[in-house]
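# Structural features, examined
One-letter residues, chain by chain:
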Amino acid sequence: MEPQLLHSVDDGVATVVIHHPAKRNAMTADMWRALPPLLDALAADAAVRVLVLTGEGGTFCAGADISSLRGSSGEAQGLAVRAEEALAAFPKPTLAAVRGYCVGGGCQLAAACDLRFADEEASFGVTPAKLGIVYAASSTRRLVSLVGPATSKYLLFSGELIDAERALRTGLVDEVLSGGELDKRVAEFTRVLAVRSQLTQAAAKEFANGRTDRDAYWTEQARDGGDTAEGVAAFLERRQPDFTWTTSAAATPFISTSTSTSTSG
């Protein structure tokens, strides 16, 4: 099978699989290009409430497939940054399920997700110093927002890998699972996310990402969107709420996705 992005949707959860096992799921240029339009399609799908990004087999993503990036390093980095920004802008909750290597561009993608759950054998690294590449400013700032300046400098200056335990301690991952429990935990947690209010999730995502110009908008949505009334009624009636607000109401994402063509995935 050619390197590509595979995807499926089941019970409100979209799963995107980085599939390039011959090279530890390294991202080719076509795969970078394919991610933004795929995310646009999944964002527009009313059946999708949560997105999981993972890798085929025992590896998340070993970075960029250097052999497929024939242009300048700046052009190659631009593809990765556009994909990263599209993932960060996805209007619904996103979770990276990480096994094995999560390195370079793979770590860049994982950092762009809202949450990261990892197998205890996973390892993480940000490796531009090994190639003499200036890591993109937006990617650097996102990394700093997750792990702080000191750990960001450690990762960027050295290019060294850290294990899952240290990634958890520094805030790069949210949970570490042992004994093959990652899939079970991801399925369990995404089921929880899929039944929660998209109104709450979308507003919280914008606020947490730093958007400051839509406070009044979210106040209006909370008042008129129906989820608050339904949540209170369900609580008083001791039943599961049936939230109906969808992210299609939030017309403007925090970061605009870039227009891109795709021949893969």
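Residues numbered from 1 in each chain as written. Predicted model: local features only at pLDDT ≥ 70, side-chain atom pairs only at ≥ 80, totals over all residues. Heavy atoms only, no water.

Another aspect to go through is the sheet that holds strand β8 (residues 162-163). The three strands are arranged β5-β7-β8 in an open sheet whose pairing can be described as mixed. One side of each edge strand has no neighbouring strand; the edge strands of this open sheet are β5 (101-103) and β8. Note: strand β7 (residues 123-125) against β8, two bridges, orientation antiparallel. The partner of F124 across the bridge, within β8, is I162. (Pairing = 2+ DSSP bridges. Helix = DSSP H or I, 4+ residues; strand = E, 2+ residues; numbered from the N terminus.)

For the structure on display, the rule yields 15 salt bridges. For E84, the salt bridge identified is with R142, shortest N-O distance 2.5 Å. Residue E84 is located in helix α2 (residues 73-89), and its partner R142 is located in helix α4 (residues 137-158); the two are separated by 58 residues in the primary sequence. Residue D183 is joined to R99 by a salt bridge in which the shortest nitrogen-to-oxygen separation is 2.3 Å. (Salt bridge = Lys/Arg side-chain N within 4 Å of Asp/Glu carboxyl O.)

Glancing now at unusual backbone geometry. Non-glycine residue D11 carries a positive phi angle of around 50°. Tracing the backbone shows D11 in the loop between β1 (4-10) and β2 (13-19). Under the relative-accessibility criterion, D11 is labelled exposed at 71%. In this structure, R24 is a non-glycine residue whose phi angle is positive, near 50°. Relative to the elements of secondary structure, R24 occurs in the loop between β2 and α1 (29-44). (Buried < 20%, exposed > 50% of the residue type's maximum accessible area, 1.4 Å probe, protein only.)

The subject of this paragraph is the packing of aromatic side chains. With the rule as written, the count across this model stands at three aromatic pairs. With a centroid separation of 4.9 Å and 80° between ring planes, the pair formed by Y217 and W218 is classed as edge-to-face. Look at Y217 and you get buried, because its relative accessible area is 18%. Ring centres of W218 and W245 lie 5.7 Å apart, and the angle between their planes is 55°; on these two criteria the pair is classed as tilted. Of this pair, W218 sits in helix α8 (residues 215-224) while W245 sits in the segment after α9 (227-237), and the two are 27 residues apart along the sequence. Assigned by exposure class, W218 and W245 land together as buried. Taken together, the ring pairs connect Y217, W218 and W245 into an aromatic cluster. It is R166 that lies over the ring of Y154; its NZ or CZ is 4.2 Å from the centre. (Phe/Tyr/Trp six-rings, centres within 6.5 Å; stacked < 30°, edge-to-face > 60°. Lys NZ or Arg CZ within 6 Å of the ring centre and 35° of its normal.)

Turning our eyes to something else, we now look at the pairing of β2. Counting buried positions along β2 yields six of seven residues, so the element is predominantly enclosed. Hairpin connection between β1 and β2: a loop of two residues separates the two successive antiparallel strands, and D11 in this loop has a positive phi of roughly 50°. Pairing of β2 with strand β3 (residues 50-55), which is carried by six bridges, proceeds in the parallel orientation. The partner of V17 across the bridge, within β3, is T54. For the crossover that starts at β2, traverses α1 and ends in the parallel β3, the hand is right-handed. (Right-handed = clockwise from strand over helix to strand, strands pointing away.)

This part covers the packing of helix α7 (residues 198-208) against α8. Where α7 meets α8, the axes come as close as 11 Å, and the angle between the chain directions of the two elements is 170°. Taken together, α7 and α8 sit at an angle that is classed as roughly antiparallel. On α8, the residues that touch L199, A202, A203, E206 and F207 of α7 are D215, W218, Q221 and A222. Partitioned by chemical class, the residues of the contact of α7 with α8 number six nonpolar, one polar and two charged. (Axes fitted to C-alpha atoms, helices over the stretch in contact; angles between N-to-C directions. Parallel < 35°, antiparallel > 145°, perpendicular 65-115°, else oblique. Contact = heavy atoms within 4.5 Å. Nonpolar A, V, L, I, M, F, W, Y, C, P; charged D, E, K, R; others polar.)

Mapped onto the elements, T127 comes out in the loop between β7 and α4. Judged by relative accessible area, which is 15%, T127 ranks as buried. Excluding residues within four positions of it along the chain, T127 makes contact with V103, G104 and G159.

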